[in-house]
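The lines below spell out each chain.
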Amino acid sequence: MAITVRFQETGGPDVLRLDDVEPGQPGPGEVLLRVEAIGLNRADILFRSGQYIEPVKQFPAGLGSESAGVIEALGPGVSGFTKGQPVSVIPNFSQNDYPQYSERALAPVTALLPRPESVDAVSGAAVWMPYLTAYGAMVEVGRVRAGDVVVINAASSSVGLAAIHTANRLGATPVAVTRTSGKSQRLLDEGAAEVIISDEEDVAGRILALTSGRGAEYVFDAVAGPGVVDLARAVAADGTLFLWGAASGQPTPYPGFELGMPALNLRTYTVHEISRDPERLRRAVAFVSTGLRSGGFRPVVDRTFPLEDIVEAHRHLEANTHVGKIVVTTSR
């Protein structure tokens, strides 16, 4: 049996419960993991609260799509991995199918990345989703070039920080947007060229001023909702507004109609565009791995919680006071 986080209904953090659950044996294309660390993501909150892009199929439901641990057992026909091997699990599956909030969990072999012995489990659970997300949107899809201005809101999140680091590696200029001034210096330390405080400043006006009225070539919006209209004002004529998150939980209008800009380039994006495509994933892993080796990329962990404190961990994530990744550890 394994201590596993489950919930019987959608709602706030308090719906989460710890149950003893038998994880089962791995089938074809699967492994059984001894989970050591779990990376928390905004998608976990949306799934738990019933606001995610896919609904909960049945209750009790599990949660989580990113972890690090050690392989305990291999399913029939699995090759390329061995029992006892440390690995990271990246999000390329439904939380309905392979929830990771547990001491032991099944995972598809397509979601596994080898984890060097020199990389601890907390780092292994904190690094991949942010950098795969940033790489996919900025390199594979967006084609960010040197000299481009890249605006990143929710910049203190793990994805936001990875996007700042990635923009710098590409030679672009990252402009961070955050709600309060308390995180400003930290964002500058992480490599932001400029920081805009959305609760105190006219975000679009400041971006236009920084770009001599041209606007930003790329705006990466992790919040969505009504604020997308204001961000669209700051997109250059041939630029693109990427919606890669929905932290606001509110309906998102098409800003082109609101602003009389029918030609606005607007694109949605999720990490699954990379993690579920073997060739794109191969390129992404190569890109991120070289950044990690050079020191330009690194996991930024805000805080760790034990699995028993999962409710408090979710409250901390929802409070939006963190900088970087929140990681939950197991006792195994």
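See the structure shown above.
In this report, the structure presented in the accompanying data block is examined. (Residues numbered from 1 in each chain as written. Predicted model: local features only at pLDDT ≥ 70, side-chain atom pairs only at ≥ 80, totals over all residues. Heavy atoms only, no water.)

### Notes on helix H4 (residues 158–170)
Helix length check: H4 (13 residues) gives 18 Å between terminal C-alpha atoms against 18 Å at 1.5 Å per residue, within 8%. Among the 13 residues in H4, 10 count as buried, and that is most of the element. Of all the residues in H4, the buried ones are Ser 158, Val 159, Gly 160, Leu 161, Ala 162, Ala 163, Ile 164, His 165, Thr 166 and Ala 167. Residues of H4 that are buried make contact with helix H3 (128–141), strand E8 (149–153), strand E9 (173–178), helix H5 (184–189), helix H10 (278–294) and strand E15 (325–329). (Helix = DSSP H or I, 4+ residues; strand = E, 2+ residues; numbered from the N terminus. Expected span 1.5 Å × (residues − 1). Buried < 20%, exposed > 50% of the residue type's maximum accessible area, 1.4 Å probe, protein only. Contact = heavy atoms within 4.5 Å.)

### Regarding the pairing of E15
Of all 5 residues making up E15, 4 are buried, and the element is well covered by its neighbours. Of the strand pairs in this sheet, strand E3 (residues 30–39) and E15 are connected by 3 bridges, and their pairing is antiparallel. Across the sheet, the residue bridging to Ala 37 is Thr 329, located in E15. Judged from the 5 bridges that link them, strand E14 (residues 301–306) and E15 form a sheet pairing that is parallel. Looking at the pairing, Arg 303 lines up with Ile 326 of E15. For the crossover that starts at E14, traverses helix H11 (residues 310–319) and ends in the parallel E15, the hand is right-handed. (Pairing = 2+ DSSP bridges. Right-handed = clockwise from strand over helix to strand, strands pointing away.)

### Looking at the side chain of Asn 153
When you line up the elements, Asn 153 lands in strand E8. Given a relative accessible area of 10%, Asn 153 falls into the buried group. In terms of polar contacts, Asn 153 uses its side chain to reach the side chain of Asp 221, at 2.7 Å. Residues contacting Asn 153, with those up to four places away along its chain left out, are Val 177, Phe 220, Asp 221, Ala 222, Val 223 and Leu 231. (Polar contact = N/O pair within 3.5 Å; in protein donor to acceptor, adjacent residues only side chain to side chain.)

### Some details on H11
Every buried residue of H11 is accounted for by Ile 310, Ala 313, His 314, His 316 and Leu 317. All buried residues of H11 project into a common sector of 155 degrees when viewed along the axis, lining one side. Buried residues in H11 make contact with strand E1 (2–7), strand E2 (16–21), helix H1 (42–48), E14 and E15. The first or second residue beyond H11 is Asn 320, which carries a positive phi of 60 degrees. (Arc of directions from axis to C-beta.)

### Points about the packing of H4 against H10
Put simply, H4 and H10 touch, their axes get as near as 12 Å, and they point 90 degrees apart. Looking at the two axes, H4 sits roughly perpendicular to H10. Only Phe 287, Thr 290 and Gly 291 of H10 make contact with H4, whose side of the interface consists of Thr 166, Arg 169 and Leu 170. Here the residues of the contact of H4 with H10 are counted per class, giving 2 nonpolar, 3 polar and 1 charged. (Axes fitted to C-alpha atoms, helices over the stretch in contact; angles between N-to-C directions. Parallel < 35°, antiparallel > 145°, perpendicular 65-115°, else oblique. Nonpolar A, V, L, I, M, F, W, Y, C, P; charged D, E, K, R; others polar.)

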